[in-house]
Amino acid sequence: MNSNTPSSSAGGPGSADSTGPRRNTKRPKYSRFTQQELPACKPILTPKWVISTLLLVGVVFLPIGIVSLFASRDVVEIVDGYETECIPTEFQNDTLGYIQGLQNKTCYRTLRVSKQMKQPIYVYYQLDSFYQNHRRYVKSRSDQQLRSVSEEGDTDSCKPEGTADGRPIVPCGLIAWSLFNDTYILTRNNQQLNINKTHISWKSDRDRKFGKNVFPKNFQNGTLIGGGTLDPLLPLNKQEDLMVWMRTAALPTFRKLYGRIEVDLQPGDTINVTISNNYNTYSFNGKKKLVLSTTSWLGGKNDFVGIAYLTVGGLCISLAIVFALIYLVKPRRLGDPSYLSWNQNQGAR
Amino acid sequence: MSSGKPLLSQSGPLSAPQPHPIHHNRHSSLTLTSLGCLHSASISSSISDETQGNNLYDLKEVEEDTVATTVSRNSREASAFWPKRKEYRSEELYLQCPRRKRKGLVSWGGVADSWLDISALEVSGASSRGQDNLNKSRRSERFLKISMQLAESIPHHDNPRLIHINDPKKTNEKADFSGNEIRTSKYTFLNFLPKNLFIQFHRVAYLYFLAIAALNQLPPLAVFGRTVSLFPLLFVLTVTAVKDGYEDWRRHRSDRNENNREALVLKSEKFYPKRWKKIQAGDVIKICSDEAIPCDMVLLGTSDPSGIAYILTMNLDGESNLKTRYARQETNNLVLEGSTISGIVRCEQPNRNIYEFTANMELKGHRFPLSQSNIILRGCQLKNTEWAVGVVVYAGQETKAMLNSAMTPSKRSRLETYMNRETLWLSVFLLIMCLVVAFGMGLWLKRHNPELDTLPYYRKSYFEKGKVGKKYKYYGIPMETFFSFLSSIIVFQIMIPISLYITMELVRLGQSYFMIGDRDMYDSSTNSKFQCRSLNINEDLGQIRYVFSDKTGTLTENKMEFRKSSIWGKNYDCRLSLTGPSQDIGVEGEDAKFYRQKWRLKSEIFPNSELIKLLYKDLYVEEKIAAHDFFLTLAACNTVIPIVAECPASGPDCTPGDGRKSINYQGESPDEQALVAAASAYGYTLFERTSGHIVIDANGEKLRLDVLGLHEFDSVRKRMSVVIRFPNDSVKVLVKGADTSMFSILKKTQPSDDPVIRITQSHLNEYSAEGLRTLVVAARDLTNEQLAEWQCMYEDASTSLTDRSIKLRQTAALIERDLTLLGATAIEDKLQEGVPEAIESLRQAGIKVWVLTGDKQETAISIGLSCRLLTTDMHQIIINGNSEDECKKLLCDAREKYFVKSASCRDQIPKRKKNAEIDYLEIPSNTKSASPQLHAGQEDGPTFRPLALVIDGNSLVYILEKDLESELFDLATLCRVVLCCRVAPLQKAGIVDMIKGRTDDMTLAIGDGANDVSMIQMADVGVGICGQEGRQAVMASDFAMGQFRFLKRLLLVHGHWNYQRIGYLVLYNFYRNAVFVLMLFWYILCTAFSTTSALTDWSSVFYSVIYTSVPTIVVGILDKDLSHKTLLKYPKLYAAGHRQESYNMSLFWITMVDTLWQSLVLFYVPLFAYGESTIDIWSMGSLWTIAVVILVNVHLAMDIQRWVVITHMATWGSIFVTYGCMLVLDSIPVLPNYGTIYNLGKSPTYWLSILLITVIGLLPRFVFKVFHQIFWPSDIQIAREAEILRKRRRFFGS
């Protein structure tokens, strides 16, 4: 019961006539929009549509699959796990003691090149069971601090590696603290292979994310050393290993770029690797691998994309055939009213 | 209905020990009397002096009062209005007690005493038994709801409010009466924010948001950034606040308009205009004709010497006729003399009851009572009275109109109820996921417990000076497990699709916009658009199984038209001319001059030329005299008020200066108006009525008739009569009434021989068979002695303070006898346009149409026939018993006759559903024009003839309150048509309630009058017709429209669309959120259960708010599977809603399985594609974000049935918007994900993965869909194919 209504009906019977001709009608105005009659495309799944869609997918997917598979097959990869091999036999039962001790941790490995590897050859290290995606780990960084000197004290998110001796750590946080510090020296035929470690990080990180006048301070000065140290004289945007490391990995098994070899390796080449096995993955039974790999346009060696595309493409084509057969064997005329439920039921009775 | 009637004896003892605090002298004197005769008089007295036929009518009322009593006894709340009830009772019984004593004397009805006693016993027994049942039954609660809505609220008797007339200062001195300023707005500028927030947080959904946001503020749980986590809540709050603010601003505006209107207020002996909002209680106000009344006021005087004022109460109770209100003679004289009045009005505290007012006035030491007839209420309009003066008693918010402006109870749609059920399932999933994460976390921590101190990616401790220091955010394994549980709730929060509620609100808003804008639901005759008054139940329109329709005003136009008359045994058809009035004017020579009417009527009637000729013949044969008297009676014997207006100068169809005046008849019943108008068309125009005389323009001759007395129509006598003195001093009684009550009081001159009576009777049968409403007209000359006797008695009766109505009835009986039959009238209540077609379509759609009407059985059946509800090949089962046993017998007979299988009347219930189904499928279809094949295989079960059930209100009294209800239900659901006649408003609600309580089917009630309100509110969907009877039904309804026939379009087209849209919307939203959450879940399993999300905080929040919300809304509003043409052509397609095709459990589970598959694809494809690579967490997150957005949008695109530009924009637009957002987010160097997408976009694997995810994710769904369409095409699917292919063929063919 709305009290506002009296005003509208105040005119009375007499006044109705006088306003007759120009009575404002409430009739909704016509537009194709309000009447829901906009020009529309109404797709229906006709046999033609279904089959051609499936065929199209198949035709597109199969070549992509083949090309991807070839690309992946072209990639040559040498993987060498060294976490146990680099422990001297006497320390096999005390890996943790070895890695935390002060022994010489140099270790020699030999890799054999079975196929020609064209430059650039990427050198990766691969860690296993290292949860770089753990919530505590991912959040333990200060992006403000990495960018500018003035934000040096912004270490709230970095605990428990925010400060040491009451002074802020730059770069702070668990990520920086646990910087990977194994090093590799590769030699071929007693000739050292140069590993180019420039531009292994993202350009955007170098340019904007890591400050060019932010220098490491107070880093790894605490009692518990987590990993590698940084050259306090180099600004952060020159510390490419740090930048690579701080792009935390998505999965517990990950590779990170160590550097590039800019010469071709020939089949039959033997590469001697001198590893300084410093990084402690033994506390959590993590594995370490050294990877040498060429790349294709698709990236590293990974058959999945190619196989998946081939499978899906094949599946679509076979489905197209199945549907074509169904339409041939048991055609249903589209819009055939005899299939309507009420007609079917009446027929059944 | 239930308020003014006597209560049963059970209530007596209760009232005795606590006499109610009455402060009116009149009432307190009554109390004793009434208590004295409570027990003995209860039921029998109310029945004692009624004729046999009418007895039933009151039984029904008694029964209803039983309900009311029970309700009030049962409920704590109801006890609040006990004092009120007692007061009614005391007053009523005081009137009734003496009646019983006089029972023996009253014999005019020809009722035997013995019969009376039996029936009285029967009734009281029956009703008390009924009460026992009621006490136990669940029904009482539901009825309580209705009766509470219909009845009044708590009165305050303890402290009357004192109003000093014309002294507002003194009046408002002590008491804090509200001013006349009204405020329908909720907020002011200052309190908007706190109040709006307070109101918004009443919603569970918002509390959920708030809880999640609060949880996220706890340091150990901070999964998202703090600002990020507040974003969804703030977004929702802001949107709602803006919407509320806008609505409130509009209310403010209309309040301002209302408050600034002006009224004349007395101030130092003169009336000055004053703004409405400044008016106070105690002010004396003058209202002029046609003005609206600004507040509730007691009439002091009017321009009429007798103090009568006519008011239009349309806005208040929805009745369109004028009502009379009186100023007390004492004050009226003072006002007319022009002297000021100063006195005190004592009245009850403000309450909602618009039919009650108790007060008294103290004037110069005298005290006299004031009642309902002395008050005019805000919202009414003064009509036909030059001016009226009154004193304000209630102002502003305390007026009855404002107190009554409560909102209609909100309803919740069926689909939403189901949706909530599925939401529970989703909560279960959520719980499982959180438990998995929490347990995983616990186990992981346990396994790694020794290493945790130094573990590079966990580091639970600080190290100071070589020692393990204090813990960092580590609270022990159990607590960590618990926190992990909580934080996983935060991460997975959108699994519960809270945003869906907001989405649905927006979608319904959009749907309503299109429903309102539908030009095919605009009624030009009343200039009314479709109205959506409730925004919660749009989709229910697509699942209606039962339509309960009022008849008068809903199926019919409620515009009475005089159609036929039988005068002196001769039938005159009044609508013979198809050629229009010009032909009638062509009635020869001398008649033409008479035909030039002096009076212009609102409705055009084309008189029967034969009858005209008869009337203007200069013969004095019996026939002519009868005709003369006949029309005189029509013109005189009524309570219609003529309102004469000069022809407006610029009127479209009235040339100025021709002396024709327009005349407008206002009266309580449309029938009377029609009769008076008809009389006028035949030259007998009533144009003046005062309390003492009427003036009739009879064939140009001004006839002033003194009205000596008038016996108004009542439901007992079913007739009315006037005693008229003609200018030549002869006195006549003119009577008109229902045929049943008239033939018994005709002159008893060899009744079988009188051909007039016989022929008239046969005419009457003819008329009512055509569905016309009939009245019999008769007259009688009075001799002087008779007149004197009557006059003496009439004067005595009409001035009597006690028993007035009974005395008047006796007086009437004195003269209403030995009448001469003049003839009969037949009035047509025209069917609305398109009603039969609409009903036919609804029925084909599998909707059962029940008509509930107050009309009598014959009329109901004939209307049923004319609107094709009933067909001639139907078996009619008629239930009209006068007792419980009789009803039971009738029901059982019907069952045995038509359903031979069940010998007993009990064990049918399991079969019911099946039968109902068959019934529906068997509906013969005749809309098969589209294809010849539809005809094939159609056969009508010859053994199964459709049934129609006709049941009347009296039987319903017995059936609804007894165990018979289930039998009626079983029978009624087997019948194709159910017609209920003579039902009371509360019974209408009772029937709806019966269906609601016993089936899962959706009900819709449609009606136009105040008597349909309870039914409209009871049904799942209430539809109001904006018709002749005002706004009451519309105010209570969920949807309102101008014509019944729009119901077809509303249900079949909009209902179907809305249902299908919302059903899809809900499923899609479940899917959309679940696929996202599952994707996060799989990832969390790879992060040592640490609730890390690879997605950036902002992306996770934006996902459901920005990235994917718009397309769902657009599709929910704009998508449509079939065109309205197809839907209207094949009403059976509506059954998709009945079968719940768009939303059901199995669809939900299928969707969930699909969701699981898609989430696995989403997670594992990138995982494998980037396995053992250098991919970082942000790149992976970025890939997942875009992949999931593309996937859900393409999924949606696959299901869109109708692509318009907006759909394209929304769907593909959201993908672009997502990319845009990600570009922006990845361009902020301070975020850890800086530069991600720029680097990622360079790699082909990224793009190949997205394509792969989309295709693999959707392939099963696509294949399933195609298979389903090939092998199990749905009706809608076929119709859609037919529609589109036909159009295409036509397009290419031409």
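Relevant structure appears above.
Nothing here was measured: the structure is a model prediction, and the numbers come from that model.

S.K.: Explain the nonpolar core here, please?
M.R.: Generally speaking, a soluble globular protein has its nonpolar side chains buried in company with each other. One finds Tyr184, Trp245, Leu292 and Phe323 of chain A together with Trp444 and Phe492 of chain B to be the most contacted residues of the largest nonpolar core, which totals 197 residues. Examining the composition of this core, we find that 20 residues originate from one element, helix α37 (residues 1046-1085) of chain B, more than from any other. With residues near it in sequence (within four places) discarded, Leu292 of chain A still touches Val76, Glu77, Ile78, Leu111, Met117, Ile121, Tyr122, Val123, Leu186, Ile261, Leu265 and Ile271 of chain A. Counting 47 residues, the second largest nonpolar core, distinct from the first, contains Leu615, Cys637, Tyr684 and Ile694 of chain B.

S.K.: Hey, could you run me through the interface of chain B and chain A in this one?
M.R.: A common way to state how big an interface is: give the accessible area lost once the parts meet. Each side of the interface is counted separately: chain B has 142 residues, and chain A has 113 residues. Interface of chain B and chain A: buried area, both sides summed, is about 11400 Å²; carbon and sulfur atoms make up 60% of it. If you look at where chain B meets chain A, you find five salt bridges. The shortest N-O distance in the salt bridge between Arg255 of chain A and Glu1172 of chain B comes to 3.9 Å. Applying the counting rule to chain B against chain A returns 33 residue pairs in polar contact (both at pLDDT 80 or more). The class makeup of the residues in the side of chain B that touches chain A is 70 nonpolar, 39 polar and 33 charged.

S.K.: Would you take a moment to explain the packing of helix α9 (residues 304-329) of chain A against helix α46 (residues 1244-1271) of chain B for this structure?
M.R.: In a packed pair of helices, the relevant descriptors are the angle between the two axes and the axis-to-axis distance. Put simply, α9 of chain A and α46 of chain B touch, their axes get as near as 11 Å, and they point 20° apart. The pairing of α9 of chain A with α46 of chain B is recorded here as roughly parallel in orientation. α9 of chain A and α46 of chain B meet at a crossing whose hand is left-handed. On α46 of chain B, the residues touching Phe304, Val305, Ala308, Tyr309, Val312, Leu315, Cys316, Leu319, Phe323, Ile326 and Tyr327 of chain A of α9 of chain A are Thr1245, Leu1248, Leu1251, Leu1252, Val1255, Ile1256, Leu1259, Val1263, Val1266, Phe1267, Ile1270 and Phe1271 of chain B. Considering only residue class, the contact of α9 of chain A with α46 of chain B consists of 22 nonpolar, one polar and no charged.

S.K.: Would you take a moment to explain the sheet that holds strand β17 (residues 544-550) of chain B for this structure?
M.R.: Sheet strands associate in pairs through backbone hydrogen bonding, adopting either a parallel or an antiparallel arrangement. Residue and element names in this part refer to chain B. Ordered in space as β16-β36-β35-β34-β17-β30-β33-β32-β31, the nine strands form an open sheet in which the pairing is mixed. Whereas interior strands pair on both sides, the edge strands pair on one side only; in this sheet they are β16 (531-532) and β31 (875-879). Pairing of β17 with strand β34 (residues 1002-1007), which is carried by five bridges, proceeds in the parallel orientation. Looking at the pairing, Tyr546 lines up with Thr1003 of β34. Against the sheet, helix α29 (residues 857-866) contacts β31, β32 (947-952) and β33 (977-981), and its axis sits at roughly 145° relative to β33. The strands touched by helix α33 (residues 964-974) within the sheet are β17, β30 (848-852), β31, β32 and β33, with β32 carrying the most contacts at an inclination of about 140°.

S.K.: Whenever I open this one, the state of the cysteines confuses me. Can you help?
M.R.: What makes a disulfide is a covalent bond joining the sulfur atoms belonging to two cysteines. Applying the stated criterion across every chain yields a total of two disulfides over all chains. Paired by a disulfide, Cys86 of chain A and Cys107 of chain A hold their sulfur atoms 1.9 Å apart. Measuring handedness by torsion sign, the sulfur bridge of Cys86 of chain A and Cys107 of chain A sits at about -65° and is left-handed. Of this pair, Cys86 of chain A sits in the loop between β1 (77-81) and α3 (95-100) while Cys107 of chain A is found in strand β2 (residues 106-112), placing the two residues 21 residues apart along the sequence. The disulfide partner of Cys158 of chain A is Cys172 of chain A, and the S-S distance across this bridge is 1.9 Å. Note that Cys158 of chain A is positioned in the loop between α5 (143-147) and β4 (163-164) and Cys172 of chain A in the loop between β5 (167-168) and α6 (174-177), a separation of 14 residues in sequence. With relative accessibility at 1%, the residue Cys172 of chain A sits in the buried group. Ordinal numbering of bonded cysteines along chain A defines a disulfide pattern of 1-2, 3-4. Left unpaired, Cys1086 of chain B is separated from the closest cysteine sulfur, that of Cys434 of chain B, by 17 Å.

The rules behind the values
Residues numbered from 1 in each chain as written. Chains lettered and ligands numbered in written order. Predicted model: local features only at pLDDT ≥ 70, side-chain atom pairs only at ≥ 80, totals over all residues. Heavy atoms only, no water. Core = buried A, V, L, I, M, F, W, Y, C linked by side-chain atoms within 4.5 Å. Buried < 20%, exposed > 50% of the residue type's maximum accessible area, 1.4 Å probe, protein only. Helix = DSSP H or I, 4+ residues; strand = E, 2+ residues; numbered from the N terminus. Contact = heavy atoms within 4.5 Å. Buried area = accessible area lost by both parts, 1.4 Å probe. Salt bridge = Lys/Arg side-chain N within 4 Å of Asp/Glu carboxyl O. Polar contact = N/O pair within 3.5 Å; in protein donor to acceptor, adjacent residues only side chain to side chain. Nonpolar A, V, L, I, M, F, W, Y, C, P; charged D, E, K, R; others polar. Axes fitted to C-alpha atoms, helices over the stretch in contact; angles between N-to-C directions. Parallel < 35°, antiparallel > 145°, perpendicular 65-115°, else oblique. Left-handed = near helix turned anticlockwise from the far one by under 90°. Pairing = 2+ DSSP bridges. Disulfide = S-S within 2.5 Å.

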